[in-house]
Amino acid sequence: MLDILLQSIDLETLRVVRQASEAIVILFGMAISYIAYTAYRENQSRPMLFVAIGFVLVLFVPGVLAVGLYVLLDVPAPIVNSANQFVEIAGLGLILYGLWTPRRD
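A. Here's a closer look at the overall build of the protein chain. From N to C terminus, the protein chain includes four helices and zero strands. Going from N to C terminus, the protein chain has its helices and strands arranged as α-α-α-α. Expected size for 105 residues packed as a compact globule is a radius of gyration near 13 Å; at 18 Å, the protein chain overshoots this value by more than 25%. When the backbone C-alpha atoms are referred to their principal axes, the protein chain occupies close to 60 × 25 × 25 Å. Counting only contacts in the protein chain whose residues sit at least 6 apart along the sequence, the fraction spanning at least 24 positions is 65%. For the protein chain, the accessible surface area stands at approximately 7900 Å², while carbon and sulfur atoms represent 70% of it.

Pasting the structure below:
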């Protein structure tokens, strides 16, 4: 049953869908990062700045790296995935730090 399903998937269509989903992730990442940065500017809360930068690293930078390295420069996928994972870990660390840090008024 699974073999039939896998054989019926067109790889070219799957590639286009994957690239479109990457573009959607980049757009959402930009929107969320902008909202977080705006919240930082309104409140002047340093932890919110770390959260905003973390969202940029988690949601925006990996998509740009994937497009830039894999599509434009033809870097092998394992290297692109490793770079993306490093950036995402750094971003999640910043988000955690921003949420964990006590707010100073």
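B. Highlighting the packing of helix 2 (residues 11-43) against helix 3 (residues 46-72). Interhelical geometry of helix 2 versus helix 3 gives an angle of 160 degrees and a closest axis separation of 8 Å. As far as their axial angle goes, helix 3 and helix 2 are roughly antiparallel. Handedness of the helix 2/helix 3 crossing: left-handed. Of the residues belonging to the contact of helix 2 with helix 3, the class tally is 20 nonpolar, four polar and two charged.

C. Summary view of the pattern of salt bridges. Scanning the model with the defined rule gives two salt bridges in all. Ionic pairing is found between Glu12 and Arg15, a salt bridge with its closest N-O pair at 2.3 Å. Placement of the pair is Glu12 and Arg15 together in helix 2, with a separation of three residues, close to one helical turn. In this structure Glu12 comes out as partly exposed when scored by relative accessible area, which is 43%.

D. Geometry of a nonpolar patch on the surface. On the surface, Val67, Tyr70, Val71, Leu72 and Leu73 cluster together to form a nonpolar patch covering roughly 520 Å² of accessible area. You can see Val67 is positioned in helix 3. For Val67, a relative accessible area of 35% puts it in the partly exposed group.

E. Quick look at the packing of aromatic side chains. Counted under the stated rule, the structure contains two aromatic pairs. An angle of 90 degrees between the planes, with centres 4.8 Å apart, marks the rings of Phe50 and Tyr97 as edge-to-face. In this pair, Phe50 is assigned in helix 3 and Tyr97 in helix 4 (residues 77-100), connecting sequence segments 47 residues apart.

F. Examining the layout of surface pockets more closely. Looking at the largest pocket, its volume works out to about 500 Å³. Taken together, 20 residues make up the lining of the largest pocket; nearest its centre are Arg18, Glu22, Ala66, Val67 and Tyr70. Residue assignment for the lining of the largest pocket shows that the elements contributing at least two residues are helix 2, helix 3 and helix 4. No other element matches the eight residues that helix 3 contributes to the lining of the largest pocket.

What counts as what
Residues numbered from 1 in each chain as written. Predicted model: local features only at pLDDT ≥ 70, side-chain atom pairs only at ≥ 80, totals over all residues. Heavy atoms only, no water. Helix = DSSP H or I, 4+ residues; strand = E, 2+ residues; numbered from the N terminus. Rg over C-alpha atoms; globule rule 2.2 N^0.38 Å. Contact = heavy atoms within 4.5 Å. Areas by Shrake-Rupley, 256 points an atom, 1.4 Å probe, with all protein chains shown as cover. Axes fitted to C-alpha atoms, helices over the stretch in contact; angles between N-to-C directions. Parallel < 35°, antiparallel > 145°, perpendicular 65-115°, else oblique. Left-handed = near helix turned anticlockwise from the far one by under 90°. Nonpolar A, V, L, I, M, F, W, Y, C, P; charged D, E, K, R; others polar. Salt bridge = Lys/Arg side-chain N within 4 Å of Asp/Glu carboxyl O. Buried < 20%, exposed > 50% of the residue type's maximum accessible area, 1.4 Å probe, protein only. Patch = residues over 30% accessible without salt bridge, like charges linked within 9 Å, V, L, I, M, F, W, Y side chains within 5 Å. Phe/Tyr/Trp six-rings, centres within 6.5 Å; stacked < 30°, edge-to-face > 60°. 1 Å grid on protein atoms, 1.4 Å probe; cavity = no way out; pocket = protein on both sides within 12 Å on 5 of 7 lines; lining within 4 Å. Points joined across faces, edges and corners; volume = space filled by probe spheres on them.

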